[in-house]
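Below are the chains, spelled out letter by letter.
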Amino acid sequence: MTIEWSAEVGEFHLRNDLVSYVGRVLDNRWLGHLYFGPSLAGGKSYGHLQPGDFFGFDNKVGQPVPLEYPSGGSGDYRIPALAIELANGSGVLDLRYNSHRIFHGKPGLPGLPSTYVEVGGEAETLEILAVDDIAEIEVRLLYTIYRDRPVVVRGARITNAGKTPVIIRCAMSASLDLPDADWQILTLSGDWARECHVERHELRPGRQSVSSSRGTSSAQHNPFLALVRPATTEAAGEAYGLSLVYSGNFVAEAEVEPFGTARVRTGINPDGFSWVLGPGEEFVTPEAVLAYSADGLGELSDAYHCLYRDRLAHGSWRDKPRPVVINNWEATYFDFDEPKLLAIAAAAKKMGIELFVLDDGWFGQRNDDTTSLGDWEVNRSKLPGGIESLARGVEELDMRFGIWIEPEMVSRRSKLFAEHSDWTIGIPTRSRTESRNQYVLDMARPEVVDHLFEVVSGILGSAPISYVKWDMNRSITEPFSPGLKAWQQGEFMHRYVLGVYSLYDRLTKAFPGVLFESCASGGGRFDSGMLAFAPQAWTSDDTDAIERLRIQWGTSMVYPLSSISAHVSAVPNHQVGRVTPLATRAAVAFFGVFGYELDPTTLAARERSEISDQVAFYKKWRDLLQRGKFLRLRSPFEGDRNETAWMTVARDRRSAIAAHYVTLSRPNPGPNRLRLRGLDPDASYRVSLWPAARKPEGGPARPMVLGGDELMTAGIVLESSPESAGQGDFRARLYVLEAV
Ligand code: GLA
């Protein structure tokens, strides 16, 4: 890994064995972009890659010059990275290279989560200073390259070096110009309970984007975009990814301009955003992680998985095996008391479950969702001995205890709202929109963050609590903070997110042993910003196994299995009414951070014994299922969508688990082979089935021993006989591979 800077030709080259990123100072000292892709030789100039004239120079129409951090108004008509309204009302910027520095490691970002290094030698960073002397604006562009990852991390720091305030209208984290537009755009889109569905479309002339303006990042569109060649598959072909480390309003956008080149950008959504930058002040963008794969989407995802798991997530839980949980939400909703909860925990303990989570409904008068958010005092009629007694009761079972909280919210029917209605987001002259019967607290106000720190610290300090599920159950409406001046209101949505980060930062530092799981009505804030603080997230409120195939497939495009919280729930499923076999529900939820969301006291003995087997299986393979290399094999979004398959392989390739799911049973299906990936071609693997297959005469079938080469080329023969098709809908089979 090196960063070369050739003073002679003004060219920089970030490179490791996997990727190169090359740019140069153009003749007019603008920052031009030359290349991002597979690693190129060092010590050479690539200046000849730069196309000819810029549009508009000398009144000639030349070619669209690729740029590093474009601003509008000086001849570049594509989507800008930076737009600033100056004191005279002009929006024209002309940023020219001034200087640069290269250093070991990677600096943190004030107030924002970011990827990091543990030792300086893991990464190198280039900081380029570009200055507009007339506007008196300085922009520091940051580029980090890691030793062995196919990624470049980018961001920008913008300083007002003048004497009058200016208004930032748009400040992207990264912009990337590509020399052709023969790409498809891939996004992760959906809504509540159907998050992260994969959308893939041809790039067309003009702009196409996904974004959020809700205050949260991700139920409708995840802050991620990939460009893939039309022929790119999971296992082959080029793919670029742009992932924004941010939890609020974002944009991820591509533009194809008339010459057929493409620009992509990502950053804070400029719609509704403005930031007043006073003299001497600095604005720091969130960072964007650009990744490249020449070998399909699988490798692109793995690059994000490894980086986000190992160098974005912080804290003591980063590398630890995550516990198997039981959560009481779908088991009881609001209707519980201490004996009922302890009975659930005791039954769960007998099945090997490790941590009990008390969900919504434990505080104030909260017997439904109309009241009490903000009043974080225990409801003594449900829990007479308080959280402490329940937590101790759970601990006596030799389990750990976790708790749900939704700190950013307040119910209209609450003491907090009666005392502090001014802490609520809204415009004083208008009514506030209620959603799920609740309002949002103004996280842009330091006193609100201070209050919540005290309250949550009080709860966490009051009992042996080792896990927190931090929820956020509505979008922001009427964005306005009475605590901000009129001219600052465009800053509000970003200040909200900074407030959330500050609370997370303080709480995770004060309670370093606590495992935080983020949640926003399921996957409404499943983004890499949250993962920095909470290494796992509740993936979706939809716990149906068949729906989860799509949701977890899409989520895994960017986020590691160690972040994808997945629970087995009761049937008929509470979201879609579907009845799926217990084994199938587990076989889907195994591929993530596993748990249960049901009342085990109501289950038949046979089901409890099946769950004991599932928990034992997960614990045996936990490291592989939480930290293995995840490879997607058959997409639930493609073909006739009747099948899904994926697998996880140990980093040393000595073990793997592949899963095959069939949605609807078919009569007389043809032969079906599934090619595996990522194995050692020279190894032999013992293949056993889960649930265990039975011989026709009874007793478990003998495992086969098959070569890694065969499994990856000929494939594994899936169950396909007419008899097996008669097993019914929603079937799953796991193939457990152990090198012999
Ligand atoms: C959200 C979460 C659920 C549950 C409820 C409680 O919807 O996603 O898992 O915690 O809130 O109200």
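Residues numbered from 1 in each chain as written. Predicted model: local features only at pLDDT ≥ 70, side-chain atom pairs only at ≥ 80, totals over all residues. Heavy atoms only, no water.

Observations concerning the overall build of the protein chain
Looking only at helices and strands, the protein chain has 14 helices and 38 strands in total. Here the protein chain holds 740 residues, and 63% of them are scored as buried. Taking all contacts inside the protein chain whose residues are at least 6 apart in sequence as the whole, residues at least 24 apart take part in 70%. Charge separation in the protein chain, taken as the distance between the mean sites of 78 positive and 94 negative side-chain charges, equals 3 Å. (Helix = DSSP H or I, 4+ residues; strand = E, 2+ residues; numbered from the N terminus. Buried < 20%, exposed > 50% of the residue type's maximum accessible area, 1.4 Å probe, protein only. Contact = heavy atoms within 4.5 Å. Lys, Arg positive; Asp, Glu negative; His and termini not counted. Charge placed at Lys NZ, Arg CZ, Asp CG, Glu CD.)

What about the confidence of the model for the protein chain?
Looking at the protein chain, the pLDDT average stands at 96 and 96% of residues meet or exceed 70. Of all secondary-structure elements in the protein chain, the lowest mean pLDDT belongs to helix α14 (residues 722-725), at 56, while strand β20 (residues 288-293) reaches the highest, 99. (pLDDT = per-residue confidence, 0-100.)

Focus: helix α6 (residues 446-462)
Here α6 is 17 residues long and its end C-alpha atoms lie 24 Å apart, about the 24 Å a rise of 1.5 Å per residue gives. Of the positions making up α6, those classed as buried are Val448, Val449, Leu452, Phe453, Val456, Ser457, Ile459 and Leu460. Each buried residue of α6 lies within a common arc of 160° when the element is viewed along its axis, so the set occupies one face. In α6, the exposed positions angled more than 90 degrees off the buried face are occupied by Glu454 and Gly461. In this structure, the buried residues of α6 make contact with β23 (400-405), β26 (467-470), α7 (492-510) and β27 (515-518). (Expected span 1.5 Å × (residues − 1). Arc of directions from axis to C-beta.)

Considering the environment of Leu416
Within the secondary structure layout, Leu416 lies in helix α5 (residues 415-419). Distance in space between the C-alpha atoms of Leu416 and Trp376 is 9.4 Å, their sequence separation being 40 residues. The residues touching Leu416, leaving out its near neighbours within four places in the chain, are Gly374, Asp375, Val410, Ser421, Trp423, Leu441 and His451.

Side note on empty space enclosed by the protein
Counted by the stated rule, this structure contains five cavities of 30 Å³ or more. As a volume, the largest cavity reaches approximately 170 Å³. As for the largest cavity, its lining consists of 14 residues, and the residues nearest its centre are Leu31, Tyr69, Pro70, Ser71 and Leu95. Split into classes, the residues belonging to the lining of the largest cavity amount to ten nonpolar, one polar and three charged. When its volume is computed, the second largest cavity comes out at roughly 110 Å³. (1 Å grid on protein atoms, 1.4 Å probe; cavity = no way out; pocket = protein on both sides within 12 Å on 5 of 7 lines; lining within 4 Å. Points joined across faces, edges and corners; volume = space filled by probe spheres on them. Nonpolar A, V, L, I, M, F, W, Y, C, P; charged D, E, K, R; others polar.)

Quick word on the site of the ligand
If you check the shell around the ligand, you find 13 residues, and the closest are Asp359, Asp360, Arg436, Lys469 and Asp541. Within the side chain of Lys469, one N or O atom sits 2.7 Å away from an oxygen atom of the ligand. Between the ligand and the protein, one listed contact pairs an oxygen atom with a backbone N or O atom of Gly522 at 3.0 Å. Starting from 310 Å² of accessible surface for the ligand in isolation, the protein chains cover 96%. In the shell around the ligand, the residues fall into four nonpolar, three polar and six charged. (Near = heavy atom within 4 Å. Polar contact = N/O pair within 3.5 Å; in protein donor to acceptor, adjacent residues only side chain to side chain. Areas by Shrake-Rupley, 256 points an atom, 1.4 Å probe, with all protein chains shown as cover.)

Some thoughts on unusual backbone geometry
The omega torsion of the bond from Val571 to Pro572 falls at -5°, within 30 degrees of zero and hence cis. Checked against the element boundaries, Pro572 lands in the loop between β29 (564-569) and α10 (582-589). One non-glycine residue with positive phi stands out, namely Arg29, at about 70°. Mapped onto the secondary structure, Arg29 falls in the loop between β3 (19-25) and β4 (31-38). Located in the positive-phi region is Cys196, a residue other than glycine, with phi close to 60°.

What to know about the side chain of Arg548
Relative to the helices and strands, Arg548 is located in helix α9 (residues 545-555). Asp542 provides the closest opposite charge to the buried, unpaired Arg548, separated from it by 6.1 Å. Within polar-contact distance, the side chain of Arg548 engages the backbone oxygen of Asp542 at 2.7 Å. Setting aside chain neighbours within four positions, we find Arg548 in contact with Trp538, Thr539, Ser540, Asp542, Thr543, Trp553, Ser565, Ala566 and Val588. (Salt bridge = Lys/Arg side-chain N within 4 Å of Asp/Glu carboxyl O.)

Here's the deal with the packing of α10 against helix α11 (residues 605-620)
Taken N-terminus to C-terminus, the directions of α10 and α11 make an angle of 25°; their axes are 11 Å apart at the nearest point. In terms of orientation, α10 lies roughly parallel with respect to α11. The chirality of how α10 crosses α11 is right-handed. Along its contact with α10, which presents Leu582, Ala583 and Ala586, the element α11 presents Glu607, Glu610, Ile611 and Gln614. (Axes fitted to C-alpha atoms, helices over the stretch in contact; angles between N-to-C directions. Parallel < 35°, antiparallel > 145°, perpendicular 65-115°, else oblique. Left-handed = near helix turned anticlockwise from the far one by under 90°.)

Re the sheet that holds strand β36 (residues 704-707)
In sheet architecture, strand pairing relies on hydrogen bonds along the backbone and comes in two forms, parallel and antiparallel. Read across the open sheet, the six strands follow the order β31-β32-β33-β38-β35-β36; overall the sheet is antiparallel. Looking at which strands have only one partner, the edges of the open sheet turn out to be β31 (629-634) and β36. Along the sheet, successive strands turn relative to each other by an average axial angle of 25°, direction set aside. Direction of pairing for strand β35 (residues 684-690) relative to strand β38 (residues 731-739): antiparallel, over a ladder of six bridges. In the sheet register, Leu689 faces β38, and the bridge partner there is Tyr735. (Pairing = 2+ DSSP bridges.)

Re the packing of α6 against α7
Close contact between α6 and α7 brings their axes to 10 Å; oriented N to C, the two are set at 30°. As judged from the angle between their axes, α6 and α7 are roughly parallel. Every pair of crossing elements has a handedness; the one defined by α6 and α7 is right-handed. In this structure, α6 contributes Val449, Asp450, Leu452, Phe453, Val456 and Ser457 to the contact, and α7 contributes Gly499, Ser502, Leu503, Arg506, Leu507 and Ala510. When its residues are assigned to classes, the contact of α6 with α7 shows seven nonpolar, three polar and two charged.

Focus: the nonpolar core
Counting 204 residues, the largest nonpolar core has Ile158 and Trp362 as its most contacted members. Among the elements that line this core, the one with the most residues is α7, at nine residues. Residues contacting Trp362, with those up to four places away along its chain left out, are Phe336, Trp376, Glu377, Val378, Asn379, Leu383, Ile387, Ile403, Trp404 and Ile459. Counting 20 residues, the second-largest nonpolar core is a separate cluster that includes Ala656, Tyr685, Val687 and Ala739. (Core = buried A, V, L, I, M, F, W, Y, C linked by side-chain atoms within 4.5 Å.)

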